[in-house]
Protein chains: 2
Amino acid sequence: MTKQLKAGIFDSGAGGLSVVKSLLEANFFDEIIYYGDTARVPYGIKDKNTIIRYSLEALEFFKNFNIDILITACNTVSAYAIEELKKQAPFDVVGVIEPGVLAVTEKIKNKNAHILVTGTNATIKSKKYTKLLQEKGYNNISEKATGLFVSLVEEQIFGGKIMDATMEYYFNNIKKPDALIMGCTHFPLIKNEYQKFFKDTVLIHSGEAIVQYLKENFNLTGKYQKTNIKYFATENPEHLKEIAKQWLFDDSKILQENKCQKF
Amino acid sequence: MTKQLKAGIFDSGAGGLSVVKSLLEANFFDEIIYYGDTARVPYGIKDKNTIIRYSLEALEFFKNFNIDILITACNTVSAYAIEELKKQAPFDVVGVIEPGVLAVTEKIKNKNAHILVTGTNATIKSKKYTKLLQEKGYNNISEKATGLFVSLVEEQIFGGKIMDATMEYYFNNIKKPDALIMGCTHFPLIKNEYQKFFKDTVLIHSGEAIVQYLKENFNLTGKYQKTNIKYFATENPEHLKEIAKQWLFDDSKILQENKCQKF
């Protein structure tokens, strides 16, 4: 990779900002190009073929920038399109599923431990986490599609009665896990609710996991004091900016937002 | 209109099947062409410009069929794109908002009655229902974006604790309405829940309203014993078929499903 490190972050919408947050804290990059497919969000309810098609369109977008690495913040994209992206990209491509599994191996040494994977319908249907966890020797894995959490976070509902009822609805019949993968960019925003329901369970966060993964696999170190970010969205970049302000960081880091090609 | 009546139904996804159900019961049409933009659903969280753009792409699709009338089952499309569609279409175009307002005028004679409009974020933001209701003389109108109901119905959650908590969340501070507009194709599926929360409130259903509207404005009569339906979806028409079976009618009426052009 070049000296001035430039990363592309691809997400179905605004959720990938939770990964950006971790990357900003790590100071790995001089510049970040964020692309959210806000006009077609969410991906988690879509087909494999559609997800791959949209991801390859995003790849074409990133080819216009001189990026060193593309990070697919979206778990659904990471589940279905990562091989195709790696095959076709002229730069490194990293998803969030491998890092998530790496984080499990670092935190959970007992291969009989109960690992619960949560994600969108599409991510869970792909069985990608389970497959990789099994390759690492884990043999007690549960999966649960918890797509409603995406809608709750989008509606700015981070707790309260609806959240409690939804937690119960999804998890009442599930044995308490030793580790739980928050396999969707939206889920870290309700981390406290997960922890409230599953006390003492180790929570795995894609954003934190990817920082560790980049350190170990690309020898990245946090040398930049400030990361410049450029935002692109297939619709309403102003709304993306609004969410970025609310969720993540101060206004000063938001340098520019642009519409990109239309889909 | 010609003797063999052919209607196009445009919806953002599968929700428009609730309108199809009413049309089937009315037996107005010899044939229905259903187009669901399942690859880009939901529309209710999108921008005005995006909604118009997607709607005009749908119009191009319908131009390939010899339809007599296009019905936009989606409230969000009806709120933002109906004028543009009417301007550009070589056939009649009818949305669901005008019919919904007509249904209010027929059921609620007192202009001081409290009318509550519910819909997606985009539909409510358009203020289209309110504007038309005001033109009809109503002066006590409330609006509430209730987008989470869409997600609940999509997750097949039609009642229970989450639904109760969501009803409370949205409506606890709202004075009981005399009439409530279920301004989204998904909402009639939770009609009973609406009625449980607002007893004695008159519920306005887009599907039923459009039947009445077509009778009055196009002199349609239910002369067909069987309506043939062809399904088209921008992704996964099989899933559309599955939902159609579950929600609406027997398998025998589903004649054909096809993918249409890709977006």
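Let us look at the structure shown here. (Residues numbered from 1 in each chain as written. Chains lettered and ligands numbered in written order. Predicted model: local features only at pLDDT ≥ 70, side-chain atom pairs only at ≥ 80, totals over all residues. Heavy atoms only, no water.)

Looking at the packing of helix H9 (residues 161–171) of chain A against helix H9 (residues 160–171) of chain B
Okay, so step 1: Closest axis-to-axis distance for the H9(A)/H9(B) pair is 8 Å, and the angle between their directions is 170 degrees. On the basis of the axis angle, H9(A) is roughly antiparallel to H9(B). Of H9(B), the residues touching H9(A) (which contributes Lys161(A), Ile162(A), Ala165(A), Thr166(A), Glu168(A) and Tyr169(A)) are Lys161(B), Ile162(B), Ala165(B), Thr166(B), Glu168(B) and Tyr169(B).
Okay, so step 2: In terms of residue class, the contact of H9(A) with H9(B) is built from 6 nonpolar, 2 polar and 4 charged. (Axes fitted to C-alpha atoms, helices over the stretch in contact; angles between N-to-C directions. Helix = DSSP H or I, 4+ residues; strand = E, 2+ residues; numbered from the N terminus. Parallel < 35°, antiparallel > 145°, perpendicular 65-115°, else oblique. Contact = heavy atoms within 4.5 Å. Nonpolar A, V, L, I, M, F, W, Y, C, P; charged D, E, K, R; others polar.)

Re the nonpolar core
Okay, so step 1: With 110 residues, the main nonpolar core has Leu23(A), Phe29(A), Leu23(B) and Phe29(B) as its most contacted residues.
Okay, so step 2: Excluding anything up to four places from it in sequence, Phe29(A) contacts Leu5(A), Lys6(A), Ala7(A), Leu23(A), Ile69(A), Ile71(A), Leu214(A), Leu220(A), Tyr224(A), Lys226(A) and Thr227(A). (Core = buried A, V, L, I, M, F, W, Y, C linked by side-chain atoms within 4.5 Å. Buried < 20%, exposed > 50% of the residue type's maximum accessible area, 1.4 Å probe, protein only.)

Quick look at the relation of the copies chain B and chain A
Between the two copies of the chain lies a relationship made up of a rotation around an axis and a movement along it.
Okay, so step 1: Note on the copies: chain B fits chain A at an RMSD of 0.0 Å, the axial shift is 0.0 Å, and the rotation between them is 180 degrees. The operation mapping one copy onto its partner corresponds to a two-fold rotation axis.
Okay, so step 2: Mapped onto chain A, 100% of the interface residues of chain B again fall at the interface, so both copies present the same surface. (Least-squares fit on C-alpha atoms with pLDDT ≥ 70 in both.)

Considering the packing of helix H1 (residues 17–26) of chain A against helix H11 (residues 206–218) of chain A
Residues and elements named next belong to chain A.
Okay, so step 1: Taken N-terminus to C-terminus, the directions of H1 and H11 make an angle of 45 degrees; their axes are 8 Å apart at the nearest point. Relative to H11, the element H1 is oriented oblique. The hand of the H1/H11 crossing is right-handed. Across the interface between the two elements, Val19, Ser22, Leu23 and Ala26 from H1 touch Gly207, Glu208, Ile210, Val211 and Leu214 from H11.
Okay, so step 2: Along the lines of polarity and charge, the residues of the contact of H1 with H11 split into 6 nonpolar, 2 polar and 1 charged. (Left-handed = near helix turned anticlockwise from the far one by under 90°.)

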